[in-house]
Amino acid sequence: MTLVHNWQLGRRMEYPYFESRPKHQFAAIFNTNRCIACQTCTMACKSTWTFNKGQEYMWWNNVETKPYGGYPQSWDVKTLKLIDSPDNTWYTDGKDAKTASYGTGAPYGTYEGDTIFETAKRKNLNQWAVGYIPEDKEWRAPNFGEDTARSSNQPGEYSSLPEHSRWFFYIQRICNHCTYPGCLAACPRKAIYKRKEDGIVLIDQKRCRGYRKCVEQCPYKKPMYRGLTRVTEKCIACYPRIEGRDPLTEGRPMETRCMSACVGQIRLQGFLDDNPKNPVTWLIRHHKVALPLYPQFGTEPNVYYIPPRWAPRAYLRQMFGPGADEAIEKFMVPSRELLAVMSLFRMTQTIVFEYKIEQGPKVFETEIHGKKFTMYNDTVIGYGDDGKEVVRTTVEEPVHIRPDKHYNSI
Ligand code: SF4
Ligand code: SF4
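Residues numbered from 1 in each chain as written. Chains lettered and ligands numbered in written order. Predicted model: local features only at pLDDT ≥ 70, side-chain atom pairs only at ≥ 80, totals over all residues. Heavy atoms only, no water.

Trainee: I'd like to hear about the nonpolar core, residue by residue, with values.
Mentor: Among the nonpolar cores identified, the biggest contains 106 residues, and Ile29, Leu283 and Leu293 are the most heavily contacted of them. Not counting chain neighbours up to four residues away, the residues in contact with Leu283 comprise Ile29, Leu268, Lys288, Val289, Ala290, Leu338, Val341 and Phe345. (Core = buried A, V, L, I, M, F, W, Y, C linked by side-chain atoms within 4.5 Å. Buried < 20%, exposed > 50% of the residue type's maximum accessible area, 1.4 Å probe, protein only. Contact = heavy atoms within 4.5 Å.)

Printed below as a string of structure tokens:
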């Protein structure tokens, strides 16, 4: 084991390989507040990559309902139990998440529990990370528990509108293309690698012998074994599109299929880098409104979530770390810049590397949860990897009036 820095945990941690970060890390942000669980993303992925024999149960992108849903069933509950820190032990300097400020070194405080790697070492297990292989029956139903709510009410009681105590939310899941992947650490064949140029994690199909160590030690359960070919497969981040090989974007990096299909416009894909005016970098590292999923596992996942504002905070803190309160507060009463940057979600299939905001007029003012909120109709402009403008949009959605004569007019 070596010592590597995990910024999500605010500390160094043990990992079998040295720290090595790509210049641009594949990353995505999902806004759980807007997902309608239409599963268009799921089908876009399925029809592109996993429609063959032996891949029937593979859903590289899935959308599950929390708290009861999960694919494979109970994947997160089982993994949380393995690391002995189900209550999520974070040291936040005696301050609550609202007042704590740790700069970028330890943005959410310091995680004091053991990660999946440290637990395996402490317990002297003969493996790099704690994990388990799901039973066949746990893969049987990707939508198990869909739209099932939880509440403090007793069975048989009914909630009343407009406010009630029942809750659930949707969580969208793909491979996190982790900075410290459990799958990569686990593979005895060294068949899994993380690309230097963009941090995408791939399985070399020729080297893989189907030992299923990656299936066991990925805490998110995203590598999937194909019995027919006896090798394991996983999300490849649509790398031909990321490489700009789709003619549509004229050689510029393009979003993955699941991102660009999103009906709810909840997704933004990009690359995490050092540029504070990169939209994903700003939302994740600077504004801290998008959070990693179960950071306590220790893999430094690179898919981030804006938490749902209506779910119990203790549940959300366990799922997204102690930054959940701050993130929800920022999302509910958005700053001028946040509103503008969020207007970029699903506006183009070309990946935006930098944004600029041109100020517009004030259009609205109100009070939300005792805080003043002012809305400006700013224009946000996105630039591609070559510095050329690829998208321009306003905070207020533009209205288009269709002319009397149009293509299908009669
Ligand atoms: S989510 Fe799992 S499969 Fe994907 S990179 Fe991380 S450990 Fe590997
Ligand atoms: S396409 Fe978008 S809105 Fe629909 S389920 Fe997927 S993430 Fe949610």
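Trainee: A description of the pattern of salt bridges should follow, citing residues and the corresponding values.
Mentor: This structure, assessed with the given rule, holds 28 salt bridges. In this structure, the salt-bridge partner of Arg11 is Glu118, at a minimum N-O distance of 2.9 Å. You can see Arg11 sitting in strand E2 (residues 11-15) and its partner Glu118 sitting in helix H3 (residues 116-122), a full 107 residues away along the chain. Taking the relative accessible area as the measure of exposure, Arg11 reaches 17% and is therefore buried. Of the residues examined, Glu118 reaches a relative accessible area of 12% and is grouped as buried. The salt bridge partner of Glu300 is Arg21, with a shortest N-O separation of 2.9 Å. Of this pair, Glu300 sits in the loop between strand E13 (291-292) and strand E14 (303-306) while Arg21 sits in the loop between E2 and strand E3 (25-31); the two residues are 279 residues apart in sequence, bridging distant segments of the chain. It is possible to trace a salt-bridge network through shared partners that takes in Arg195, Glu197, Asp198, Glu243 and Arg245. (Salt bridge = Lys/Arg side-chain N within 4 Å of Asp/Glu carboxyl O. Helix = DSSP H or I, 4+ residues; strand = E, 2+ residues; numbered from the N terminus.)

Trainee: How would you summarise helix H10 (residues 324-332) if you had to cite specific residues and measurements?
Mentor: Among all positions in H10, only Ala324, Asp325, Glu326, Ala327, Ile328 and Phe331 are buried. In the core, the buried residues of H10 are packed alongside E3, E13, E14, helix H9 (313-320) and helix H11 (336-342).

Trainee: Help me get a handle on the packing of H9 against H10, residues and values and all.
Mentor: Helix packing for two helices is described by the angle between their axes and how far apart those axes are. Viewed as axis vectors pointing N to C, H9 and H10 meet at an angle of 110°, and their least axial separation amounts to 9 Å. One finds that H9 runs roughly perpendicular with respect to H10. Contact residues: H9 offers Arg313, Leu316 and Arg317, while H10 offers Ala324, Asp325 and Ile328. Tallied by class, the residues present in the contact of H9 with H10 amount to three nonpolar, no polar and three charged. (Axes fitted to C-alpha atoms, helices over the stretch in contact; angles between N-to-C directions. Parallel < 35°, antiparallel > 145°, perpendicular 65-115°, else oblique. Nonpolar A, V, L, I, M, F, W, Y, C, P; charged D, E, K, R; others polar.)

Trainee: Just give me the short version of unusual backbone geometry, but keep the residues and values in it.
Mentor: Residue Pro67 is bonded to the preceding Lys66 through a cis peptide linkage, with omega at 15°. Within the secondary structure layout, Pro67 lies in the loop between strand E4 (62-66) and helix H2 (75-82). Pro72 follows Tyr71 through a cis peptide bond whose omega is 0°. Counting through the fold element by element, Pro72 comes out in the loop between E4 and H2. Phi angles above zero are rare outside glycine, and Asn124 is one such case at about 55°. Along the polypeptide, Asn124 turns up in the loop between H3 and strand E7 (169-173). Here Glu300, not a glycine, exhibits a phi torsion of approximately 50°, which is positive.

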